[in-house]
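Overview (structure and organization)
Residue-level listing of the chains:
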Amino acid sequence: MKHKHDISCTNYSVMFGLLGQAVADQKTKKKQLKQTPIYRLPALLLMLICTLMPSAQSKTIDSLQHYPLYIDLPLLDLPFQRDAARTGELFDSYSMQQALAVTQNLHRVNYHLNNKLWQGIIRPDTKRKRVYNRIAANLTSGLVDYVFTYYGVVLSAQWMHEEFHRAGLTVRGITSYDETYNRFNGGFANGSVSRVKDEDLIRLKKVAPQELVRSFAAGIESELLLLRGLQKDNFFGGAKHANIALNILLTKHAIDYVNQFKQKDYNASIDSMNAHGLTVADRDFVGWDFTPWVYDLHRPDEPYEARGTHPSGVGIDRAIKTTSLTDEEHRYLKRMGNLQYLNFLSPFMVGINRIRLNEQTAFNIAVRHYLNAFGYDLTADFFIDHREHQYLVSLHGYRNKHRLLPGIEMERSPYVFSLAGKDRLLLQPSVLLWLQPEDFFDRKATPGGLLRLQGSYALGNTWRIVAVAEGKTKGWVAGNPYLDAKANFRLGASASFDVGKKYRASLR
C-alpha cells in the first residue's frame, strides 16, 4: 500500500512540473505575462500534502462510474442587459454571470469528455489504475485548456477576463470592444478592451472613481471565480473535473500579472504598446491592469486627464508606468503581488477535491485574494458536506488603507419540494453580510449585505428552468458589476448529464 502511495505522489509531481514548465515556456503576449520560476511550487505542495495527509488522498478517490456534467445558461440578466441595450451593445456585451457561465461550461465539457475517454482506455478498477487514469485525464484536459485559453481565445478565460473589464463600463453607458473577437475577422486576437473614448473615461473617473478602479481589477476577479465554480462542481456535485492544470495556469497568471510591474522591461513594454496605439480607438482602455489600478486607487480626486497627453500627441496617456507611482503606491502594489500567492493555498490545486473526516462529514478549503474598488478582499471558502447537507461558508476580510473589516457568506444545498409526486422544485438560499469601507481612504465601517434565492423547476430528468432573484446594498461583491444598491434577476436553463440521484440537489 505504501509503495502504491509513493508512486501516485511521484507521478503527480512529475506531471505538475512538466505542466508548469510548459506554461513557463509560453511566449509573452498581450495580457499573457512572462513566467517566473515558481512552476515547481505545485509539485512541492503536492509532496507536502502527500507526506502530511496520506490518508486524505486514498479516501477522496470516488467511484468513477459517473462523470456528472452540468451546464448553466443564464439567458436573461437584468438590469445589466437593459444597461447594455442603452449602450447599444445588447448582443455584444455579456454580464459577469453570463460570461462566467459560458467559459465554465466549455471547461466542464472538456473535463467530461476527457474523463469518458480515459474511462475506456484505463478503467480505474484498481488503485494503481486510478492513479494512472487521473494523471492521463489531467494531462489531456490540461493540454486542451492550454490551447483553448492561449490559441482559441474566444469564449476562453481570456475572453471572460475582458468581458469582466467591459461590464463595469457597460453599466455606465460606455461602449467598448473585446479584441478576442478579432479571431473572427483576421485581426490579432489579443487580450484588450479597445474603442473606448477618452471622454468616457474622464466622466467615469469624475462621477464614479471607485467603479473605474474596480473595472481595472475585474479581469483576474473573473479567473478566481471560474476556479471557485469548478471547485464547487467537484466538491458538491462530484463532477471529478481533471482541472489541475487550469488551477495552476490561472492562479499563476493572476500572481504574475499583479507582479508584472517588477519586470525590468515593464516600462519599455508600455512604450511599445503606445507606439502601436496611434489612434484612440486602437488603445486598450487601461494598458497593463495594475499600475493604473494602484494609481487611481490612491488618487480618487485626481482628474483622469491629469495623466497627461499620449506620446503620439493625440488623446490621454492611459497606461501608467512605474515612474508615475509614488513610493507608497509602489510598496502597496508590491504587497498586493505578494498576497496573490495565497491563492495557491487549497488542496483543490493539486486535485484533492474532498477530505473526509468520517462517514458523515467531508470538507475542503480555498483561499482567495481579490483586488477590488477599495483595496482587497481576503476570503477563505469552507466547503462542507455533513449528513447529506451541503454548505459553502466564506469568511471575508475587507481591507483598505486604514481598516480590516469582516464579512460572512453562506450558501446551502437546495430545499427540495415535490409536485405531483416528483421532486421538481428546488430552492437554494444564499446570504452575504459585511462591513465594508466605501473607498481606499474611508475610515468608517458601512454595514451591508446581499440576499439571493435561486429556484429551479425540473422539466424532466435533464433540463431545468432556473430563476435567480438577488438584492444587495451598496458595496462590492465578486461577480456583481454594480457597486450601488441593486436588485438583479436572472432567468435561464440548466442541464445535468450522467448524474447520479444523490447529486441532483447539490449546491450550485
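Description of the structure in this document. Predicted model, so just to flag it, every value in this text is computed and none were measured.

A few words now on the pattern of salt bridges. Going through the model one piece at a time under the given rule, you end up with 29 salt bridges. With a shortest N-O distance of 3.6 Å, K129 and D125 are connected by a salt bridge. The exposure class assigned to K129 is partly exposed, which follows from its relative accessible area of 35%. Residue class for D125 comes out partly exposed when judged on its relative accessible area of 48%. Among the ionic pairs, E221 bridges to R214, the shortest N-O distance being 2.8 Å. Judged by relative accessible area, which is 1%, E221 ranks as buried.

Those residues of helix α4 (residues 80–87) that sit buried are F80, Q81, D83, A84 and T87. All buried residues of α4 lie within an arc of 155° about the axis, which places them on one face of the element. Looking at the packing, one finds that the buried side of α4 touches β1 (69–78), α5 (96–121) and α7 (157–170). Of the residues trailing α4, G88 is marked for its positive phi of about 85°.

Turning next to the nonpolar core. Counting residues in each nonpolar core, the largest one holds 39 residues, and the members touching the most others are F285, F290, W293, Y332, M336 and L371. Taken together, the elements giving at least two residues each to this core come down to α8 (198–207), α9 (209–237), α10 (244–258), α11 (266–276), α12 (290–298) and α13 (327–339). Aside from chain neighbours lying at most four places away, what touches F290 is A217, I220, Y257, V258, L333 and L371.

Moving on, we get to the side chain of N372. Among the secondary structure elements, N372 is positioned in the loop between β5 (361–371) and β6 (376–386). Judged by its relative accessible area of 0%, N372 falls in the buried class. Among the polar contacts made by the side chain of N372, one reaches the main-chain amide nitrogen of F374 at a distance of 3.1 Å. Polar contacts involving the side chain of N372 include one to the main-chain amide nitrogen of G375, which spans 3.0 Å. Once you skip the residues sitting within four places of it in the chain, N372 turns out to touch V213, A217, W293, D377 and W476.

Moving on to the pairing of β5. Extensive coverage of β5 is indicated by the burial of nine of its eleven residues. Looking at chain direction, strand β4 (residues 355–356) and β5 are connected through two bridges and run antiparallel. For R356, the partnering residue across the bridge sits in β5 and is A362. Where β5 lies against β6, eleven bridges are found, and the strand directions are antiparallel. Following the sheet pairing, N364 is matched in β6 by F383.

Our focus in this paragraph is unusual backbone geometry. Glycine aside, the phi torsion of most residues is negative, and most peptide linkages are trans. Following L78, the chain continues into P79 via a peptide bond in cis, with omega recorded as 10°. Relative to the helices and strands, P79 resides in the loop between β1 and α4. Even without being glycine, K240 reaches a positive phi, approximately 60°. Mapped onto the elements, K240 comes out in the loop between α9 and α10.

Looking at the element boundaries, D301 is found in the loop between α12 and α13. Sequence spacing of D301 and K206 is 95 residues, and the spatial spacing of their C-alpha atoms is 7.7 Å.

What follows covers helix α6 (residues 127–152). Spanning 26 residues, α6 covers 36 Å between terminal C-alpha atoms, matching the ideal 38 Å at 1.5 Å per step. Remark: V153 follows α6 within two positions and exhibits a positive phi of approximately 70°.

Reading guide: rules and limits
- Residues numbered from 1 in each chain as written.
- Predicted model: local features only at pLDDT ≥ 70, side-chain atom pairs only at ≥ 80, totals over all residues.
- Heavy atoms only, no water.
- Salt bridge = Lys/Arg side-chain N within 4 Å of Asp/Glu carboxyl O.
- Buried < 20%, exposed > 50% of the residue type's maximum accessible area, 1.4 Å probe, protein only.
- Helix = DSSP H or I, 4+ residues; strand = E, 2+ residues; numbered from the N terminus.
- Arc of directions from axis to C-beta.
- Contact = heavy atoms within 4.5 Å.
- Core = buried A, V, L, I, M, F, W, Y, C linked by side-chain atoms within 4.5 Å.
- Polar contact = N/O pair within 3.5 Å; in protein donor to acceptor, adjacent residues only side chain to side chain.
- Pairing = 2+ DSSP bridges.
- Expected span 1.5 Å × (residues − 1).

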